[in-house]
Amino acid sequence: METGFIGLGHMGGPMALNLLKAGFAVTVHDARREAAEEHLTAGASWADSAADCAARSDLLVTMLPGPRQVEAVLLRAGAAAALRPGSTWMDMSTSAPETARRVAEVLDPRGVQHLDAPVSGMAKGASAGTLQIFVGGDFEAYQRQRPVLEAMGDPERIFHVGPNGAGYTVKLMINLLWFAHLVATSEVLTMGVKAGVDLATLRTALIASPANSNFLQHDIQALLDSGDYDESFAMALACKDLGLAVDLGRDLGVPVELSALVEQIYRRGRAQYGDLAGEMIPVRLYEDIAGIELRTPAAAQKGH
């Protein structure tokens, strides 16, 4: 099986490398040819265009920043039209169901199957091949692509979540809830510490309470220990994901007051600290407003 891979960024680059390590024949394309140097050294073939990559592929995988780029590659750059009947397109971007529907209007009449398979796990999970993957689309098509998925993700955390579009939706809901956890946790910790409660004591009490969350217990640890706002995922992408989630809620007629507020807090963080600031930078908004830093004693001793 010939596998094409378009999008060799922080996530797509190591994902494509893992396909090569697993023994798949891979043809790659990216807007920057230099992004493919390691892949070509590892045995990948280079395609000069997105359409060329698609034309060579039994399975075309895309890992792109968002819906605008997916439509540019598949529709305007001709990748969708170049896919052969009987082939499959698998989009692993965090995108929107509406984008998939527009591409499907080109693919379905030509007998090309399509799966949405966005991922969680950040760049370290992409490098380690331990991504969590949420797949929407035909179940038999999903089963046929399991070996490819398992080369990039943790086999125990690869899920078929429903028909086309369900993968995108599940990923957006996961991101939305995680960002909401971050904002709520930032408010609570900043308020408690500003009121005079020791940070470690407050966090321990919260973890022992019904208000505990995975974010509070695990995800914020690196920030509290070392001031790591997680630059592996930029604010520009976080705001993109939040915008997609809020737009989906509005399209469905679901009230999204809280989600919209979380989005605006993230956009404020992006405006204040820049597109490339880490996805946890909203914590710093609260720190700066309160005039404190949420750090453990060990971090304070290091001068953070």
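Residues numbered from 1 in each chain as written. Predicted model: local features only at pLDDT ≥ 70, side-chain atom pairs only at ≥ 80, totals over all residues. Heavy atoms only, no water.

Novice: Looking at this structure, how should I read the environment of alanine 151?
Specialist: Looking at where alanine 151 falls in the secondary structure, it is placed in helix H9 (residues 146–152). Alanine 151 sits 129 residues away from alanine 22 along the chain, and the two C-alpha atoms are 6.2 Å apart. Among all residues touching alanine 151, those that are not within four sequence positions of it are Asn18, Leu19, Ala22 and Phe24. (Helix = DSSP H or I, 4+ residues; strand = E, 2+ residues; numbered from the N terminus. Contact = heavy atoms within 4.5 Å.)

Novice: Where do I start with the environment of glutamine 264 in this structure?
Specialist: Following the sequence through the fold, glutamine 264 ends up in helix H15 (residues 257–273). Judged by relative accessible area, glutamine 264 falls into the partly exposed class, the value being 46%. On a C-alpha basis, the gap between glutamine 264 and histidine 218 in space is 25 Å, while along the polypeptide they are 46 residues apart. (Buried < 20%, exposed > 50% of the residue type's maximum accessible area, 1.4 Å probe, protein only.)

Novice: Would you mind going over the layout of surface pockets with me for this structure?
Specialist: In this model, the second largest pocket occupies a volume close to 240 Å³. Among the elements of the structure, helix H6 (97–107) and helix H14 (235–252) are those that each provide at least two residues to the lining of the second largest pocket. Split by residue class, the lining of the second largest pocket holds seven nonpolar, one polar and five charged. (1 Å grid on protein atoms, 1.4 Å probe; cavity = no way out; pocket = protein on both sides within 12 Å on 5 of 7 lines; lining within 4 Å. Points joined across faces, edges and corners; volume = space filled by probe spheres on them. Nonpolar A, V, L, I, M, F, W, Y, C, P; charged D, E, K, R; others polar.)

Novice: How do you make sense of the packing of H15 against helix H16 (residues 282–290) when you look at a structure like this?
Specialist: Packed helices, taken two at a time, are described by the angle between their axes plus the distance between the axes. Between H15 and H16, the shortest axis-to-axis distance is 9 Å and the interhelical angle comes to 75°. One element, H15, and the other, H16, form an angle in the roughly perpendicular class. For the pair formed by H15 and H16, the contact residues are Ile265, Tyr266, Arg268, Gly269, Gln272 and Tyr273 on the first element and Pro282, Arg284, Leu285, Tyr286, Asp288 and Ile289 on the second. The class makeup of the residues in the contact of H15 with H16 is seven nonpolar, two polar and three charged. (Axes fitted to C-alpha atoms, helices over the stretch in contact; angles between N-to-C directions. Parallel < 35°, antiparallel > 145°, perpendicular 65-115°, else oblique.)

Novice: Explain empty space enclosed by the protein to me, please; I cannot follow it from the model alone.
Specialist: Empty space left among the atoms is revealed by rolling a probe the size of a water molecule over them. What the rule picks out here adds up to one cavity of 30 Å³ or more. Lining the largest cavity, in full, are Trp89, Ala100, His114, Leu115, Asp116, Asn164 and Tyr168. Top contributing element to the lining of the largest cavity by residue count: strand S6 (residues 113–116), with three residues. Per-class residue counts for the lining of the largest cavity are four nonpolar, two polar and one charged.

Novice: Which parts of the structure should I look at to understand the side chain of glutamate 279?
Specialist: With respect to the helices, strands and loops of the structure, glutamate 279 is situated in the loop between H15 and H16. Summary of buried charges: glutamate 279 has no salt-bridge partner, and the nearest side chain of opposite charge, lysine 171, is 8.8 Å away. (Lys, Arg positive; Asp, Glu negative; His and termini not counted. Salt bridge = Lys/Arg side-chain N within 4 Å of Asp/Glu carboxyl O.)

Novice: Can you walk me through the side chain of aspartate 30 in this structure?
Specialist: Residue placement: aspartate 30 occurs in the loop between strand S2 (25–29) and helix H2 (37–41). One buried charged residue, aspartate 30, remains without a salt bridge, the closest side chain of opposite sign being arginine 32 at 4.2 Å. One polar contact links the side chain of aspartate 30 to the main-chain amide nitrogen of leucine 8, over a distance of 2.7 Å. Within polar-contact distance, the side chain of aspartate 30 engages the backbone nitrogen of arginine 32 at 2.8 Å. Discounting residues that sit within four places of it in the chain, aspartate 30 has contacts with Gly7, Leu8, Gly9, Ala35 and Trp46. (Polar contact = N/O pair within 3.5 Å; in protein donor to acceptor, adjacent residues only side chain to side chain.)

Novice: It is not clear to me how the nonpolar core should be interpreted in this structure. Could you clarify?
Specialist: Side chains of a nonpolar character, in soluble globular proteins, are inclined to be buried together. Of all hydrophobic cores here, the largest spans 38 residues; its most connected members are Phe179, Leu182, Leu189, Tyr266 and Met280. Elements supplying a minimum of two residues to this core: helix H10 (166–194), helix H11 (199–207), helix H12 (214–219), helix H13 (221–226), H14, H15 and H16. In this view, methionine 280 contacts Trp178, Leu182, Phe215, Asp219, Ile220, Leu223, Asp228, Tyr229 and Asp230; residues no more than four positions away in its chain are not counted. Grouped together as the second largest cluster of nonpolar side chains are 34 residues, Trp46, Met90, Met92 and Val119 included. (Core = buried A, V, L, I, M, F, W, Y, C linked by side-chain atoms within 4.5 Å.)

Novice: What exactly am I supposed to notice about H15 here?
Specialist: Within an α-helix, residues lying three or four positions from one another point in the same direction, as the helix has 3.6 residues per turn. The first and last C-alpha atoms of H15 sit 24 Å apart over 17 residues, in line with the 24 Å expected at 1.5 Å per residue. Every buried residue of H15 is accounted for by Ser259, Ala260, Val262, Glu263, Ile265, Tyr266, Gly269 and Tyr273. Packing partners of the buried residues in H15 comprise H10, H14 and H16. Immediately beyond the C-terminal end of H15, within one or two residues, lies glycine 274, with a positive phi of roughly 105°. (Expected span 1.5 Å × (residues − 1).)

Novice: What exactly am I supposed to notice about the pattern of salt bridges here?
Specialist: One side chain can pair with another of opposite charge once the charged atoms of both are near each other. One pass over the full model with this rule turns up 14 salt bridges. Across the pair aspartate 288 and arginine 284 runs a salt bridge, and its minimum N-O distance is 3.6 Å. Residue aspartate 288 and its partner arginine 284 are both found in helix H16; the two are separated by four residues, about one turn of the helix. Look at aspartate 288 and you get partly exposed, because its relative accessible area is 42%. Residue classification places arginine 284 among the partly exposed residues on the basis of a relative accessible area of 34%. Residues joined by salt bridges that share partners form a network here, namely Glu71, Glu98, Arg101 and Arg102.

Novice: Quick question: what am I supposed to make of the confidence of the model for the protein here?
Specialist: It should be kept in mind that the predicted coordinates are not to be read in detail where pLDDT is low. In the predicted model, the protein carries a mean pLDDT of 95, and the fraction of residues at 70 or more is 98%. In the model, residues 300–304 has pLDDT below 50 throughout and makes four contacts with residues more than four positions away in sequence or in other chains. (pLDDT = per-residue confidence, 0-100.)

Novice: Looking at this model, I keep getting lost on unusual backbone geometry. Mind explaining?
Specialist: Apart from glycine, the bulk of residues carry a negative phi angle, and the bulk of peptide bonds sit in the trans form. Within the chain, methionine 122 stands out as a residue other than glycine whose phi angle is a positive 65°. The backbone of aspartate 230 sits at a positive phi, close to 60°, despite the residue not being glycine. Tracing the sequence through the fold places aspartate 230 in the loop between H13 and H14.

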